[in-house]
Amino acid sequence: MIYATHPLSPLQRLQSECAVKAPITISKEDYLKAILEAQSEGQTVISSTLAHWLGVSAPAVTMALRRLKRDGYAAVKASGVVCLTRKGRQTAYRTARRHYLIERMLSEIFGMPWYRVHDEAERLEHAVSPAFEASLIERLGETGACPHGNFVLPESPARMRKRGIFSLFEADLNTPLQVASLHERDPELLLLLHQKGLAPHAPVQVRTRSLKGTLSIETPSGTATLLRPAAEKIYVRRAPGKLT
Ligand SMILES: [Zn+2]
C-alpha cells in the first residue's frame, strides 16, 4: 500500500510525493479523490458513479476521464470500470489526506463545529503546501478519526461491520447505540443531523421503523424522524448503558 508506515520524515515524504512535474488542477484532484473514495467505500467506479458523486454531467465526466487517462492518472477498462494508476492513487490519497488534516485542524485547533468543517476542507485542501501539510501531520498525526468519525479514506460497510459498526437504518429497535461516524459528503445532511441532535459519539436509539423505512429516533435533543436515505448514512455501534 502506498500509505503504509514510511521511514522518511513527514516533510521529506511530502516533498518526494509532490515531485510531480506539472501542477494538478483542482478539478483533477476532485475527480481523483472521488474515484479513490468510492473505491475505498467498496463501490465499483464507472462514469455514472462520478457524475453522481461530483454532481456533474455525463459529458463532463467523459471529458475529465479523457484528460486523466492522457496525463497518466487513470485508466478505463473495456467494461467501463475506472481505475487509478499509481500516480493517480498517490495524488488522490494526498488530496484526501489534506482534506482530513484540514478538518481536524479546524475542529481541534480552531473549535469549528463538526458539521461545518467538511465544506471548508473541500476548498482548502487544494491550497495546502507540502510544508504546511507536514506541520499538520506532526501536530495532529494521521491515524485518528476526523470530526465525522472517519479516517483519511472511507471504509466499506463490510469492513465497518467487522469493527461492530453498522448503519442506523439496520439497527434493532430500543437498543442503546452510539454514533460512530457520519457520511460526510453532503453538507446539508450534516446540518440536518446536527439539528436533530445527532453527532459523532452521541447516544441514539431507534424507537420505530415504518414500512416505508422512516425511523423515529431518540437523541439527546429529543425525538426526531429520519428518512431511510439519511439513516443509511449514519453509522452506529452498540453502546453500553441507557440513553439519558
Ligand atoms: Zn470528515
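Up top is the structure.
Procedures and definitions
Residues numbered from 1 in each chain as written. Predicted model: local features only at pLDDT ≥ 70, side-chain atom pairs only at ≥ 80, totals over all residues. Heavy atoms only, no water. Helix = DSSP H or I, 4+ residues; strand = E, 2+ residues; numbered from the N terminus. Buried < 20%, exposed > 50% of the residue type's maximum accessible area, 1.4 Å probe, protein only. Areas by Shrake-Rupley, 256 points an atom, 1.4 Å probe, with all protein chains shown as cover. Pairing = 2+ DSSP bridges. Donors = N, O, S within 2.8 Å, 3.2 Å for Na, K, Ca; no water. Core = buried A, V, L, I, M, F, W, Y, C linked by side-chain atoms within 4.5 Å. Contact = heavy atoms within 4.5 Å. Arc of directions from axis to C-beta. Phe/Tyr/Trp six-rings, centres within 6.5 Å; stacked < 30°, edge-to-face > 60°. Lys NZ or Arg CZ within 6 Å of the ring centre and 35° of its normal.

Undergrad: Would you mind showing me how to read the overall build of the chain here?
TA: When you go through the chain residue by residue, the secondary structure sums to 10 helices and eight strands. Within the chain, the fraction of its 244 residues that count as buried is 43%. Carbon together with sulfur atoms contributes 55% to the accessible area of the chain, which is approximately 12,600 Å² in total.

Undergrad: Please explain the sheet that holds strand S3 (residues 166-167) as it appears in this structure.
TA: Sheet strands line up and pair through hydrogen bonds in the backbone, either parallel or antiparallel. Ordered in space as S3-S8-S4-S5-S6-S7, the six strands form an open sheet in which the pairing is antiparallel. In this open sheet, the two strands that pair with only one neighbour each are S3 and strand S7 (222-226). Sheet topology places strand S6 (residues 215-219) next to S7; five bridges connect them, and they run antiparallel. Opposite Ile217, over in S7, you have Ala224 as the bridge partner.

Undergrad: Looking at this model, I keep getting lost on the coordination of the zinc ion. Mind explaining?
TA: Within the first shell, the zinc ion binds the protein through Glu103 (OE), Cys146 (SG), His148 (ND1), Glu184 (OE) and Glu184 (OE), at distances of 1.9 to 2.6 Å. The sequence motif formed by the donor residues of the zinc ion is E-x42-C-x1-H-x35-E. Of this pair, Cys146 sits in the loop between helix H7 (130-140) and helix H8 (157-162) while Glu184 sits in the loop between strand S4 (177-182) and helix H9 (187-195); the two residues are 38 residues apart in sequence, bridging distant segments of the chain. Accessibility expressed as a relative area gives 6% for Cys146, which makes it buried. Classification of Glu184 by relative accessible area gives buried; the value is 11%.

Undergrad: It is not clear to me how the nonpolar core should be interpreted in this structure. Could you clarify?
TA: A general feature of soluble globular proteins is that nonpolar side chains tend to end up buried together. Counting residues in each nonpolar core, the largest one holds 36 residues, and the members touching the most others are Ile35, Leu50, Leu68, Leu84 and Ile102. Elements with a contribution of two residues or more to this core: helix H2 (26-40), helix H3 (47-54), helix H4 (58-70), strand S2 (82-84), helix H5 (86-109), helix H6 (117-124) and H7. Excluding its chain neighbours within four sequence positions, the residues that come into contact with Ile102 are Ala121, Leu124, Val128, Phe132 and Leu136. Counting residues in hydrophobic clusters, the runner-up holds 24 residues, among them Ala171, Leu177, Leu190 and Ala231.

Undergrad: Is there a simple way to think about H6 in this case?
TA: In an α-helix, one turn spans 3.6 residues, which is why side chains three or four residues apart end up on the same side. When we look at burial in H6, the residues that qualify are Val117, His118 and Ala121. Looking down the long axis of H6, one finds its buried residues gathered within 95° of arc, a one-sided arrangement. Close packing links the buried residues of H6 with H5 and H9.

Undergrad: Sorry, what's going on with the environment of Arg159 here?
TA: Within the fold, Arg159 resides in helix H8. Separated by 118 residues in sequence, Arg159 and Glu41 place their C-alpha atoms 9.1 Å apart.

Undergrad: Would you take a moment to explain the side chain of Thr175 for this structure?
TA: Tracing the backbone through its elements, the reader meets Thr175 in the loop between S3 and S4. Leave out the neighbours within four places in its chain, and Thr175 touches Val204, Gln205 and Arg238.

Undergrad: Quick question: what am I supposed to make of the packing of aromatic side chains here?
TA: Aromatic rings considered in pairs are described by the distance between their centres and by the relative angle of their planes. Overall, the coordinates contain one aromatic pair when judged by the stated rule. Taken together, a centroid distance of 5.5 Å and an interplanar angle of 90° make the contact between Trp114 and Tyr115 edge-to-face. Residue classification places Trp114 among the buried residues on the basis of a relative accessible area of 14%. Against the face of Tyr73 rests Lys87, its NZ or CZ located 4.5 Å from the ring centre. For Arg209, the ring lying beneath its charged end belongs to Phe169, and the centroid distance is 5.5 Å.

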